[in-house]
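# Structure at a glance
Chain residues, written in single-letter form:
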Amino acid sequence: MSDSIPNVLAERYATSPMRALWSPEGKVRLERDYWIAVLKGQRDLGIPVPDGVIEAYEKVKDQINVASIMERERITRHDVKARIEEFCDLAGHEHIHKGMTSRDLTENVEQLQVFRALLEVRRKTVAVLAGIARRAAETRDVPLTARTHNVAAQATTFGKRLAMFGEETLLAFGDLQNVIATYPARGLKGAVGTRLDQITLFNGDAKKASELESRILHHLGMPASFGAVGQVYPRSLDMQVVASLCQVASGPSSFARTLRLMAGHELASEGFAKGQVGSSAMPHKMNSRSCERVNGLHVILKGYLTMASGLAGDQWNEGDVSCSVVRRVMLPDAFLALDGLLETFLTILNQMEVFESVVEQELMRYLPFLLTTTVMMEAVKAGAGRETAHEVIKEHAVQVAKDMRTGKVRENDLLTRLVQDDRLTLTDADMQRLVDAGKNNTGDAPEQVDAFCARVDAIAKEFPEGAKYEPGVIL
C-alpha cells in the first residue's frame with residue numbers, strides 16, 4: 001500500500017504542460033541540460049574536457065530515476081549532491097558542476113521553470129481576454145440592471161459588465177508582460193556572488209568567467225540578469241511573480257463571484273453539462289461549482305502571495321536556505337493553482353448562458369427606481385425645486401419599496417405615484433417617454449465594449465496561439 005500523498009492542484013486542476021514544467025522529472029531534466037550547457041561553455045573557453053565526456057552525459061540525461069536520487073539524498077542530506085552523483089554514475093564521468101555552487105544550479109533552473117511557466121500563463125491569459133471579448137461582443141446590447149452595494153443602481157449591459165472585468169484582466173496582462181520582459185536570472189555567480197571559483201578555474205581570467213555566464217544566460221533564454229547578486233537572488237522577485245499571478249486571477253475571480261450572484265436570481269448560468277449533478281440531496285440544484293472553484297483557487301493564490309511576501313526583505317547577508325521549504329511549495333503550487341483557475345474560467349466562458357427574458361423582467365421591476373435621477377431632472381426642468389423634487393421622489397420610492405417587499409403591491413408603480421403628486425407637475429406622457437428611453441438608456445456602455453474588444457483584438461493578433469487556445473475537459 002502506497003503512503004504517497006498526491007498534490008491536489010497538480011492532479012485535479014492543472015494541465016499537462018504546467019505539470020510537466022514543475023514535475024520532479026521535469027526539473028531533473030532541466031538541471032541536466034543546464035549542467036551540459038555549462039560544461040560545453042567551459043570546454044569552448046579552454047577548460048579541458050576529454051573527448052566523449054559531454055556525449056556520455058547527453059546520452060543518459062533522460063534516464064531519470066527520482067527514487068534512486070532520493071535514496072542518495074537520504075545518505076548525503078544534500079539534494080544537489082545526490083543529483084550530481086546520480087548523473088555522474090550514469091555517465092561514467094565526474095566533470096559536471098566544476099566551479100559551481102549549489103545555487104548556481106538550483107537558482108537558475110528554478111528561475112527557468114518560473115520563466116517558462118510565465119509564458120504559459122501569458123498564453124492562457126490571452127485566451128481569457130479573447131474569450132471575454134467574444135462574449136462581451138455577443139451581449140453588447142443586452143440591457144441589465146447594474147448594481148452597486150449589490151443594490152439596483154442604473155442600467156448597463158451584460159457585455160459592459162464583462163468588459164469591466166475584462167479591463168481588469170487587461171491591466172493584469174500588462175503587468176505580466178512587464179514581468180516577462182524584465183525577468184532577471186541570477187547567473188553563474190558562485191558561492192557568494194563573486195564568481196571566484198569560475199575565475200580560479202580559468203586561471204584568474206575574469207573575462208572568460210563572465211563570458212561563460214553570458215553563454216549560460218543565452219541557454220536559459222531570459223531577458224536580463226542580476227549584476228551584483230549574492231548566493232541567492234532577491235526573494236522580492238518571487239513576490240513580484242506571485243503578485244502578478246494573483247492579479248491575473250483577480251478579474252476572472254470577480255466575474256465568477258458576480259456570475260454566482262446572478263445565477264442565484266436565475267439571470268445567468270455558468271452552464272450545466274448533461275449528466276451533471278448539482279446536489280446529492282436536492283435534485284433541482286444547478287450550482288455554480290466552477291465559479292466557486294475559481295474563487296477558491298484565487299484564495300489559495302493569495303495565500304501563496306502571503307508566503308512570498310514573508311520571504312521578501314528577509315535575506316541574511318549573501319543568503320541562506322531558510323526560504324527553501326517555502327519556495328518548494330509556493331512557486332510550483334502558485335502556478336498550478338492559476339493554471340487550474342484559468343482552465344476553469346475558460347470553460348465557464350464557453351458554456352455560460354444569459355437568460356435574457358429573466359434579465360428583462362428584473363430590469364422592468366427596478367426600472368422606475370433606476371430612472372429616479374432622470375425623473376428629478378425632468379421635474380426641475382418643469383419648474384420644481386431640485387431639493388423638493390429629491391424629497392418627493394425619495395418619499396415615494398421608499399414607500400414603493402416597502403410595499404413591494406410586504407406584498408402590498410406586485411408591480412413597481414413608482415412612476416404612477418409621481419405623476420399623481422402635484423408637487424412635480426409631470427404627466428403620464430412624460431413618464432412613458434422616460435420609460436421607453438430608459439429601457440435602453442445605458443449611456444455609452446456599448447461603445448465601451450467596442451473599445452475593450454479592439455484592445456483585445458490587438459493582443460490576439462500579437463499572440464495568435466493564445467487567442468486560439470481551447471480548454472480541456474475539467475472535473
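These numbers come from a predicted model, not from an experiment.

Turning next to the packing of aromatic side chains. Tallied over the entire structure, the rule returns 8 aromatic pairs. When the centroid spacing of 6.1 Å and the interplanar angle of 25° are considered together, the rings of F115 and Y183 count as stacked. You can see F115 sitting in helix 7 (residues 102-138) and its partner Y183 sitting in the loop between helix 8 (158-182) and strand 3 (184-185), a full 68 residues away along the chain. Note on Y183: relative accessible area 1%, which makes it buried. Their ring planes at 80° and their centres at 6.0 Å tell us that F173 and F463 sit as a pair that is edge-to-face. Placement of the pair is F173 in helix 8 and F463 in the loop between helix 19 (445-462) and helix 20 (464-467), with a sequence separation of 290 residues. The exposure classification of F173 matches that of F463, with both residues buried. Pairwise contacts between aromatic rings join F158, F165, F255 and F345 into one cluster.

This brings us to helix 3 (residues 24-44). For helix 3, spanning 21 residues, the distance from its first C-alpha to its last is 30 Å, which sits close to the expected 30 Å at 1.5 Å a residue. Following helix 3 by one or two positions, G46 has its phi on the positive side, about 110°.

Turning next to the pattern of salt bridges. Per the counting criterion, the structure on display carries 41 salt bridges. When the shortest N-O distance is used, the salt bridge between R29 and D62 registers 3.1 Å. One end of the pair, R29, is in helix 3; the other, D62, is in the loop between helix 4 (53-60) and helix 5 (66-76), and 33 residues separate them in sequence. When its relative accessible area of 48% is taken as the criterion, D62 is described as partly exposed. We note a salt bridge from K40 to E58, for which the minimum N-O separation is 2.8 Å. Placement of the pair is K40 in helix 3 and E58 in helix 4, with a sequence separation of 18 residues. Given a relative accessible area of 31%, K40 falls into the partly exposed group. Overall, the relative accessible area of 32% leaves E58 in the partly exposed class. One salt-bridge network, in which partners are shared between bridges, spans R72, K81, E85, E86 and D89.

The next subject is the nonpolar core. Y34, Y57, L118, F158, F335 and L338 are the most contacted members of the largest nonpolar core, which has 113 residues in total. If you tally residues by element for this core, the top one is helix 7, at 15 residues. Once you skip the residues sitting within four places of it in the chain, L338 turns out to touch V121, L245, V248, A249 and L301. Of all hydrophobic cores here, the second largest spans 22 residues; its members include L371, L414, L418 and M431.

With that out of the way, let us pick up helix 16 (residues 386-406). Between its first and last C-alpha atoms helix 16 spans 30 Å; for 21 residues at 1.5 Å apiece the expected length is 30 Å, and the two agree. Within helix 16 the residues assigned to the buried category are A389, V392, I393, H396, A397, V400, A401, D403 and M404. Taken down its axis, helix 16 places every buried residue within 160° of arc, on the same side. Exposed side chains of helix 16 directed beyond 90 degrees from the buried face belong to E387, R405 and T406. The inward-facing, buried residues of helix 16 abut helix 14 (356-370), helix 15 (372-381) and helix 17 (414-420). Phi turns positive one or two residues past the end of helix 16, at G407, with a value near 85°.

Below, the discussion takes up the environment of R195. On the secondary structure map, R195 appears in the loop between strand 3 and helix 9 (196-201). Linking R195 and V8, residues 187 residues apart in sequence, is a C-alpha distance of 40 Å. Excluding its chain neighbours within four sequence positions, the residues that come into contact with R195 are L188, K189, A209, S210 and E213.

Basis of the calculations
Residues numbered from 1 in each chain as written. Predicted model: local features only at pLDDT ≥ 70, side-chain atom pairs only at ≥ 80, totals over all residues. Heavy atoms only, no water. Phe/Tyr/Trp six-rings, centres within 6.5 Å; stacked < 30°, edge-to-face > 60°. Helix = DSSP H or I, 4+ residues; strand = E, 2+ residues; numbered from the N terminus. Buried < 20%, exposed > 50% of the residue type's maximum accessible area, 1.4 Å probe, protein only. Expected span 1.5 Å × (residues − 1). Salt bridge = Lys/Arg side-chain N within 4 Å of Asp/Glu carboxyl O. Core = buried A, V, L, I, M, F, W, Y, C linked by side-chain atoms within 4.5 Å. Contact = heavy atoms within 4.5 Å. Arc of directions from axis to C-beta.

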